Amino acid sequence: MKVDYYANGKIFTGQDETRFVSAFGVADGKIAWTGETAEIEGEYIDLKGKIVLPGFIDSHIHPVYVASVQNQVACMPPFVNSIDDMIEALKKTVDDTDPDSWIDGWGFDESKLAEGRTPTKEDLDRVSTTYPVQIIRSCFHARVLNSRALEIAKINKDTPDIPEGIIEKDEYGEPTGALYEAAHWYVEKFRNPVTHEERIKSIADLTNRFASLGITGVTEVMGMPDDYEMYMDAKKSGFKQHIAIYKKFKDYMDSGRAEIKYTDDPEETVRFTGLKFFLDGSISGHTAFMKEPYPNSDERGMPLGSEEEMEELYEYAKVRNLQIIIHAMGDSAIQFIIDYFKDKPLWVEGAPSVRIEHCSILSDEMIDEIGSAGIGVTMNIDFLYAEYDSWRKNLDDKRFNMATRLRSSYDKIEHLALASDSPATLWAVPEDVFMSLKAAVTRKAHGGQDINQAEKISVEQAILLYTKRAAVVCNIPLTGQLIPGYHADFIVLDKDIFKVSSEDIDKVEVVETFIKGEQIYKKQH
């Protein structure tokens, strides 16, 4: 068996916060050996002192959406700072050769716009009244349509709210153009369908984008009924990353498609691992379900789902060895999950049976309960980093200090990971791991604002939440560590991330990325 050795490096194995070696060997796509350079007899690839890490795993991301917005107008700073900026940017994309085309923008947040308000249909009508225009909010829980798009979606003064959704209307009962939660997703059925071939190509094209950021494993946490087959086809077309697919439970059950079994082959990179459920909305959108009303409001957010639906999901998943992942940002929604599952036996081996996605607002008691129940958690420090203004506005001091509690959760919640939620974050490249690492270590927002210093963690801890611990949370076996028998998924960095100033972590870049021992990315100089 031929072994390729890499030596003279500083290699973080991902086993714990302290384990480093200077050399390792790769054979047949796996780590064959780790040790010190002096132990190698023969030739080796000289790392010249560079840092090597296990490949990053984004435990909560939406690759299909990342692919879909690559060619849309980014409606966020530094590109767009006002509604006028947005209108001008959207106008540039009008395609006069295709009368059926939609004009699409994504990533707006009213708190980042000079006007300080959500755009309306009248604003978007300034772009076009002939073509349908839509902009999607950064949280991906809301969108705004122009008059033509509302007409196509058959939304008017007489249209009632969609179940578990809101069609915003003005004082005269006319739609403003803003749609929230289920009403936001309702519009998709009226869009021009994307062909299977177009979807496959757009997903395959993500390999280089992800690899340039050091990402070797991802999840699909909004899986549609046919997404497993789509990702298998994308793999044939060049998609290299490991991917764990979580299908939306309601859509999956309503689709009538043949049942897909849990993927138990540790060598397979495309894996069907679980089911997704929603219990609330977003903090920035004021729809996360809270125990107490939002500041200066009687509203507590928007509860979604029911105990009966949760029971159906639980019964379905446990006999099929499938993980359950549940979107819950507000403390009331999170408490519902804790109370429902804390006495239930676990059914998935080697990974959390239940994951709470985002898990944004936590008390000390809730952290203890989650840890004791063996429930998994993914957190998104990039929300606080990139969306500070809306979070600070929507949370009082008490709840702001309960937000994204990494330090308090690190030792008490065994199955804890960091994630991006890309593209549903107010950032041009939300899946930039180094941005999240910086935010976790500094606990400062993009503008330098304090986001609770008591909850910051070390660089080593933050990396583990994107490697070893993320691999377990996502149930992607043999990844996240550089140890014998594991896949040779590793990245080489241009700077020593363990020594640079914490303020400069986001300036670290990936030089090379390998998956199963194959170099899939090399930075061009």
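For the structure itself, consult the block above.
Below is a short write-up of the structure. (Residues numbered from 1 in each chain as written. Predicted model: local features only at pLDDT ≥ 70, side-chain atom pairs only at ≥ 80, totals over all residues. Heavy atoms only, no water.)

1. Section: the nonpolar core
In this structure, Phe341, Ile370, Leu437 and Ile497 are the most contacted members of the largest nonpolar core, which totals 108 residues. Sort the elements by how many residues they give to this core and helix H17 (residues 433–442) lands first, with seven residues. Excluding residues within four positions of it along the chain, Phe341 makes contact with Met310, Tyr314, Ile324, Ile326, Trp347, Val354 and Ile375. Within the second largest apolar cluster, 19 residues are counted, among which are Ile103, Leu113, Leu124 and Val133. (Core = buried A, V, L, I, M, F, W, Y, C linked by side-chain atoms within 4.5 Å. Buried < 20%, exposed > 50% of the residue type's maximum accessible area, 1.4 Å probe, protein only. Helix = DSSP H or I, 4+ residues; strand = E, 2+ residues; numbered from the N terminus. Contact = heavy atoms within 4.5 Å.)

2. Quick notes on the side chain of Thr219
Secondary-structure assignment places Thr219 in strand E15 (residues 215–223). Judged by its relative accessible area of 0%, Thr219 is buried. For Thr219, the side chain forms a polar contact with the main-chain nitrogen of His60, separated by 3.4 Å. Contacts of Thr219, omitting those with residues within four sequence positions, involve Asp58, Ser59, His60, Ile61, Pro63, Ile243, Ala244, Tyr246 and Cys474. (Polar contact = N/O pair within 3.5 Å; in protein donor to acceptor, adjacent residues only side chain to side chain.)

3. Side note on the packing of aromatic side chains
Going through the model one piece at a time under the given rule, you end up with 25 aromatic pairs. When the centroid spacing of 6.2 Å and the interplanar angle of 80° are considered together, the rings of Tyr314 and Tyr340 count as edge-to-face. With Tyr314 in helix H10 (residues 307–318) and Tyr340 in helix H11 (residues 331–341), this residue pair connects regions lying 26 residues apart in the sequence. Among the residues examined, Tyr340 registers a relative accessible area of 7% and is labelled buried. In this structure an aromatic cluster arises from ring pairing among Tyr6, Phe24, Phe490 and Phe514. When the ring centre of Trp185 is taken as origin, the NZ or CZ atom of Lys248, which lies over that ring, is 5.5 Å away. Between the NZ or CZ atom of Arg392 and the centre of the ring of Phe400, over which it lies, the distance is 4.4 Å. (Phe/Tyr/Trp six-rings, centres within 6.5 Å; stacked < 30°, edge-to-face > 60°. Lys NZ or Arg CZ within 6 Å of the ring centre and 35° of its normal.)

4. Brief notes about the environment of Tyr5
Within the secondary structure, Tyr5 is located in strand E1 (residues 4–7). Accessibility expressed as a relative area gives 25% for Tyr5, which makes it partly exposed. With near-sequence residues (within four places) excluded, Tyr5 lies in contact with Phe24, Gly25, Trp33, Ile40, Glu43, Tyr44 and Ile45.

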